Amino acid sequence: MQWPTFNVRPYVCGGIGHLDEAVLETLRGAGPRVRPAVQTGRAALFSSSPLPPYRRDEHTWAFAWGERTPGGAAPWITVAETYETPGLIDDGERITLHAGGLGLVDVYYLSLGGAVYFSSLLEPLLSLARTPYEINWDAWASIIQLTFPLRDDTPYTQVKRLAGASALVFDRASDRIGVERMLPRWLREEPYEAGRTAGEILEILHEVYKEFDGRPLLVPVSGGYDSRLLCSVAVARGADVESWTTSPDDGTDTDIVFAKAITRELGVRHRVIPQDAAAYPDDALAAARRLEFLTPHHAWYTPFAREVHRAGRTLVDGLAGGPLLKNFMVSGAALDASTQAERKAALLGSLALGSPSVPFLAEEAEAWITDSVGHAFTQSTAMLNGHRAELPLSVLHTRTARGIARSPVNLVGPEVSFAAPFIHPAFFDAALSVGVHRKDQGRFYREILHAANPRVAALPSTNVVKQPLQRIPLRSAAAPAREYGHRMLTRVAGAVPSLLSEQLHAVVAEGPDGLARFNGWNDRFWVRGLVLFGAWIGDHGDHLPDLTPPWA
């Protein structure tokens, strides 16, 4: 296994509770090389690089391993939501392993014999799992239909991912480990509509950027709103900034054309990172493995991330800008829904893949998957019910945290530092306070852009352009990708034949060129999810049981 290079964020592993030294040693040996950060009778933390505590006295200590270091002692939920960092805390009475507020930085765990063992990578924990592995079909249902898992699901029943604003707590008095879920700040202190203007929101963003003063910045610019706003602010502050763009493999490359105009207007050095159709299979498999088969997204981003690793600059990412500022993934039906059930159904309909051009899944499989995803989505978003920002927060806590954040967190990081100004507490809370109806169709966002730089705001955007400037071949549909996809789909068809429809079985039987018909947006993502499943079977097949799914 080729591990990431943990430069700016360390790899960690360890355990809490009644620890078995032999199990700990197995875990330590299954991942990147680590050294002890702390070891006590009921807690162990190992790190790939020196990890000093942010608090320590005679009886207590606290560690965090996100990019933002806590300033001092605080309740775990305060650390999690303020710094978006996981951590391990011993307050003398309890030992707490916690995720970040949104859970952007991964914490995987496995319960075994009165202890919980954890790791910032999933793969090392499989060394502790029973074999053959127990497959979590609910996780695969969500990955295939939504492109990301929900709740604390991973492809393995034994290995779970600690959700945002959650903790595992070993209580010394009871001598037991329990799960503690807290409402993060944005739910405890529901932001009210304060009538904030676009200018006020922009001022807050400038304040956030003060944390990056003096750093050389890399602000990738596409044709959308988020990147042009972030680049405009960086330039206005006189930062040392470069901008790069790459093809999102959407069949138009409008992003590249528009980004050239934006960066030219801002006077920023601009570079286009090329893509190679012949390299797509290797890029797709590399992304799948690096993201531990949890999402089919980001194959297009892989060559871009490799170049970022050599840039020597902090990447400024527009993570969460869409849901916070322009109701991204929130449909009119969701906005106008009159009941909780209608609102939930409309939002899930926006997040789920649309119908493909031909049925991809067998009827029984599709019915089971749809039911599983609906149940998981209801559970994942239940804490948001009734919140005035329920719709954007539902997107942030699911798609953003589990799918989209993987590019800056797990492909750029941990090699290179990245900054996400939109999730800084000051900006996050202010943006969330603006009502969803003010943000409808991007109206409020355009006001912010005009306040930041009216010339850049006036340039064309992929957020509003309906017709592409040109059509170009898709890397993900070219001959090398079809051959790779066909191999993976053939594997799925053989291992889990009841998953695929008769129509898709017939397409697979045609050979690689049978996939050439799948060029539409929905078709491509259905293919990618099933191809990811095939790649996972290929890598882990020797440790998997008989692949009989629950609908068969």
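See the structure shown above.
Here goes a summary of the coordinates provided. (Residues numbered from 1 in each chain as written. Predicted model: local features only at pLDDT ≥ 70, side-chain atom pairs only at ≥ 80, totals over all residues. Heavy atoms only, no water.)

**Regarding the overall build of the chain**
Secondary structure assignment for the chain yields 22 helices and 17 strands. Taking the principal axes of the C-alpha coordinates as reference, the chain spans close to 65 × 60 × 50 Å. The proportion of buried residues among the 552 residues of the chain is 59%. The long-range share in the chain, meaning contacts at least 24 apart out of those at least 6 apart in sequence, stands at 73%. Carbon and sulfur atoms provide 50% of the accessible area of the chain, an area that totals close to 21,400 Å². (Helix = DSSP H or I, 4+ residues; strand = E, 2+ residues; numbered from the N terminus. Buried < 20%, exposed > 50% of the residue type's maximum accessible area, 1.4 Å probe, protein only. Contact = heavy atoms within 4.5 Å. Areas by Shrake-Rupley, 256 points an atom, 1.4 Å probe, with all protein chains shown as cover.)

**Brief notes about the environment of N463**
Here N463 lies in the loop between α19 (454-457) and α20 (479-495). Expressed as a C-alpha distance, the spacing of N463 and Q441, which sit 22 residues apart in the sequence, is 9.4 Å. For N463, the residues in contact, after removing those within four places along its chain, are G224, Y225 and K326. A polar contact of 2.7 Å, which involves the side chain of N463, links it to the backbone nitrogen of Y225. (Polar contact = N/O pair within 3.5 Å; in protein donor to acceptor, adjacent residues only side chain to side chain.)

**As for the side chain of S461**
Position of S461 among the secondary structure elements: in the loop between α19 and α20. A polar side-chain atom of S461 sits 2.9 Å from the main-chain amide nitrogen of N463. Other than its neighbours up to four places away in sequence, S461 contacts G223, G224, Y225, R228 and F258.

**Quick word on the pairing of strand β2 (residues 35-39)**
Pairing of β2 with strand β3 (residues 43-47) involves four bridges; the strand directions are antiparallel. Among the inter-strand pairings, R35 is bridged to a residue of β3, identified as S47. Where β2 folds back onto β3 in an antiparallel hairpin, the turn is made up of three residues. (Pairing = 2+ DSSP bridges.)

**Concerning helix α21 (residues 502-510)**
When we look at burial in α21, the residues that qualify are L504, V507 and V508. Projected onto a plane normal to the axis of α21, the buried residues spread over an arc of 100° and lie on a single side. Of the exposed residues in α21, the ones pointing more than 90 degrees away from its buried face are E502 and A509. Count one or two residues on from α21 and you reach G511, which has phi positive near 105°. (Arc of directions from axis to C-beta.)

**Quick word on the pattern of salt bridges**
In the structure shown here, the tally under the stated rule is 30 salt bridges. In this structure, D90 engages R172 in a salt bridge whose closest nitrogen and oxygen atoms are separated by 2.8 Å. Note that D90 is positioned in strand β6 (residues 87-90) and R172 in the loop between β11 (166-171) and β12 (176-181), a separation of 82 residues in sequence. Looking at R172, the relative accessible area reads 34%, which means it is partly exposed. Note that R185 is salt-bridged to D429, the shortest N-O span being 2.8 Å. In this pair, R185 sits in helix α4 (residues 185-188) while D429 sits in helix α16 (residues 425-433), placing the two residues 244 residues apart along the sequence. R185 sits in the buried class, given a relative accessible area of 9%. Taking relative accessible area as the criterion, D429 reaches 24% and is therefore assigned partly exposed. Residues joined by salt bridges that share partners form a network here, namely D240, E242, R269 and R313. (Salt bridge = Lys/Arg side-chain N within 4 Å of Asp/Glu carboxyl O.)

**Side note on unusual backbone geometry**
Cis geometry is found at the peptide bond from T131 to P132, where omega equals 0°. With respect to the secondary-structure elements, P132 resides in the loop between β9 (115-119) and α3 (137-146). The amide bond that connects G413 to the next residue, P414, takes the cis arrangement and shows omega of 5°. Within the secondary structure, P414 is located in the loop between α15 (406-412) and β17 (418-419).

**Describing the sheet that holds strand β5 (residues 61-64)**
Each strand in a sheet pairs with another by means of backbone hydrogen bonds, the pair being arranged parallel or else antiparallel. If you trace the six strands from one edge of the open sheet to the other, you get β4-β5-β6-β7-β11-β12, paired in antiparallel fashion. The open sheet is flanked by β4 (55-56) and β12, the only strands paired with a single partner. Two strands pair when backbone bridges link them, and β6 and strand β7 (residues 94-98) are joined in this way by four bridges, in the antiparallel orientation. Counted as the bridge partner of G87 is H98 from β7. Relative to β7, helix α2 (residues 76-83) is tilted by about 20°, and along the sheet it contacts β6, β7, β11 and β12. (Axes fitted to C-alpha atoms, helices over the stretch in contact; angles between N-to-C directions.)

**Considerations on the environment of R455**
Mapped onto the elements, R455 comes out in helix α19. Spatially, the C-alpha atom of R455 lies 7.5 Å from that of E265, the residues being 190 residues apart in sequence.

**Here we look at the packing of α3 against helix α22 (residues 521-540)**
Close contact between α3 and α22 brings their axes to 8 Å; oriented N to C, the two are set at 145°. Together, W137, W140, I143, I144 and Q145 of α3 and W526, G529, L530, L532, F533 and W536 of α22 make up the contact between the two elements. Taken together, the residues of the contact of α3 with α22 sort by class into nine nonpolar, two polar and no charged. (Nonpolar A, V, L, I, M, F, W, Y, C, P; charged D, E, K, R; others polar.)

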